[in-house]
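Breakdown of the fold
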Amino acid sequence: GAGVSQSPSNKVTEKGKDVELRCDPISGHTALYWYRQSLGQGLEFLIYFQGNSAPDKSGLPSDRFSAERTGGSVSTLTIQRTQQEDSAVYLCASSLQPGVSYEQYFGPGTRLTVT
Amino acid sequence: SQQGEEDPQALSIQEGENATMNCSYKTSINNLQWYRQNSGRGLVHLILIRSNEREKHSGRLRVTLDTSKKSSSLLITASRAADTASYFCATDLSFSGNTPLVFGKGTRLSVIA
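The present account deals with the structure reproduced in this document. (Residues numbered from 1 in each chain as written. Chains lettered and ligands numbered in written order. Predicted model: local features only at pLDDT ≥ 70, side-chain atom pairs only at ≥ 80, totals over all residues. Heavy atoms only, no water.)

Here we come to the overall build of chain A. Of the regular secondary structure elements, chain A holds zero helices and eleven strands. In chain A, the succession of helices and strands from N to C terminus is β-β-β-β-β-β-β-β-β-β-β. A compact globule built from 115 residues would reach a C-alpha radius of gyration of about 13 Å, and chain A, at 13 Å, matches this within 12%. Each of the three principal axes of chain A carries a C-alpha extent, and together these read 40 × 25 × 25 Å. Among the 115 residues that make up chain A, the fraction classed as buried is 48%. Surface summary for chain A: the accessible area is close to 5200 Å², and the carbon and sulfur share equals 45%. (Helix = DSSP H or I, 4+ residues; strand = E, 2+ residues; numbered from the N terminus. Rg over C-alpha atoms; globule rule 2.2 N^0.38 Å. Buried < 20%, exposed > 50% of the residue type's maximum accessible area, 1.4 Å probe, protein only. Areas by Shrake-Rupley, 256 points an atom, 1.4 Å probe, with all protein chains shown as cover.)

Right, let's talk about the pattern of salt bridges for a bit. All names here are of chain B. What the rule picks out here adds up to eight salt bridges over all chains. The closest approach of N and O atoms between K26 and E5, which form a salt bridge, is 3.9 Å. Of this pair, K26 sits in the loop between β3 (19-25) and β4 (31-37) while E5 sits in strand β1 (residues 4-7), placing them 21 residues apart in sequence. Across the pair R60 and D83 runs a salt bridge, and its minimum N-O distance is 2.9 Å. Residue R60 is found in the loop between β6 (55-58) and β7 (61-66), and its partner D83 is found in the loop between β8 (71-76) and β9 (85-91); the two are separated by 23 residues along the sequence. Overall, R60 belongs to the partly exposed group, its relative accessible area being 24%. (Salt bridge = Lys/Arg side-chain N within 4 Å of Asp/Glu carboxyl O.)

Further remarks concern the nonpolar core. Residue and element names in this part refer to chain B. Grouped together as the largest cluster of nonpolar side chains are 21 residues, with contacts concentrated most on M21, L32, W34, L74, I76, Y87 and L109. Sorting the residues of this core by element identifies β2 (10-14), β3, β4, β5 (43-50), β7, β8, β9 and β11 (107-112) as the ones contributing at least two each. Ranked by the residues each element gives to this core, the list is headed by β3, at four residues. (Core = buried A, V, L, I, M, F, W, Y, C linked by side-chain atoms within 4.5 Å.)

With that settled, the discussion passes to the interface of chain B and chain A. Listed as interface residues are 26 residues of chain B and, on the opposing side, 28 residues of chain A. Both faces considered, chain B and chain A share a buried interface measuring about 1900 Å² in area, 50% of it formed by carbon and sulfur atoms. Counting every contact that joins chain B to chain A gives four residue pairs in polar contact (both at pLDDT 80 or more). Elements supplying a minimum of two residues to the side of chain B that touches chain A: β4, β5 and β9 of chain B. In terms of residue class, the side of chain B that touches chain A is built from eight nonpolar, 13 polar and five charged. (Contact = heavy atoms within 4.5 Å. Buried area = accessible area lost by both parts, 1.4 Å probe. Polar contact = N/O pair within 3.5 Å; in protein donor to acceptor, adjacent residues only side chain to side chain. Nonpolar A, V, L, I, M, F, W, Y, C, P; charged D, E, K, R; others polar.)

Residue and element names in this part refer to chain B. Taken in spatial order, the five strands line up as β1-β3-β8-β7-β6 in an open sheet, and their pairing is antiparallel. Only two strands of the sheet have a single partner each, and these edge strands are β1 and β6. Sheet twist, expressed as the average angle between the axes of neighbouring strands with direction ignored, equals 15°. Relative to β3, β1 runs antiparallel, the two sharing four bridges. By the bridge assignment, G4 is partnered in β3 with Y25. (Pairing = 2+ DSSP bridges. Axes fitted to C-alpha atoms, helices over the stretch in contact; angles between N-to-C directions.)

Let us now look at the pairing of strand β8 (residues 75-79) of chain A. All names here are of chain A. Of all five residues making up β8, five are buried, and the element is well covered by its neighbours. Side chains S75, L77 and I79 of β8 all project onto a buried face; the interleaved residues T76 and T78 project onto the opposite face, where all are buried too. Examined bridge by bridge, strand β3 (residues 19-24) and β8 share five bridges and lie antiparallel to one another. Note that in β8 the partner of E20 across the bridge is T78.

Here you go:
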């Protein structure tokens, strides 16, 4: 596809369950980012990948959150034992290279609701 | 702590008026970007201004950058109802240029027809 895609678009899960969110970046983009946005708030940086490695995991809110990227392409964000405060829109973005000189292209997001 | 912060948090104007949003940041930057978000979903890149530039135009958008004041402004001229969205500035955290972007909390713009 031409843009960044994310799946699922919406996810409702029960507290305590694990969820996996998927991001398909633009082909050839080496950098991939995960953000979280709570209702009416700004973007909270979670983690970014350069290739398959994650130089910066500082934004992950707890050890229940993990992410991986394989083949320099698809990334999966996993949240274990979900809590209600995990409810948010999870946005993925990719860019040609990491850093502020490069425009980030965003996917449509996954709206996660933990009941 | 937040690197970039937009001001005002919310802005409501009539169609045809100009809208000005400001962004302040704390540390030296390489470049600054502005993004737009409709309906809480994916962001769309609007414009990038480099640290050695003072002003940049793109259609009805005008962005200024004052590195001495660590601030930037986004001006939308002759606003339209379709400009209703949240607008975010994004900067980096260091001068190395190889760090993720940090977004502010955004300005919610409402353009009333």
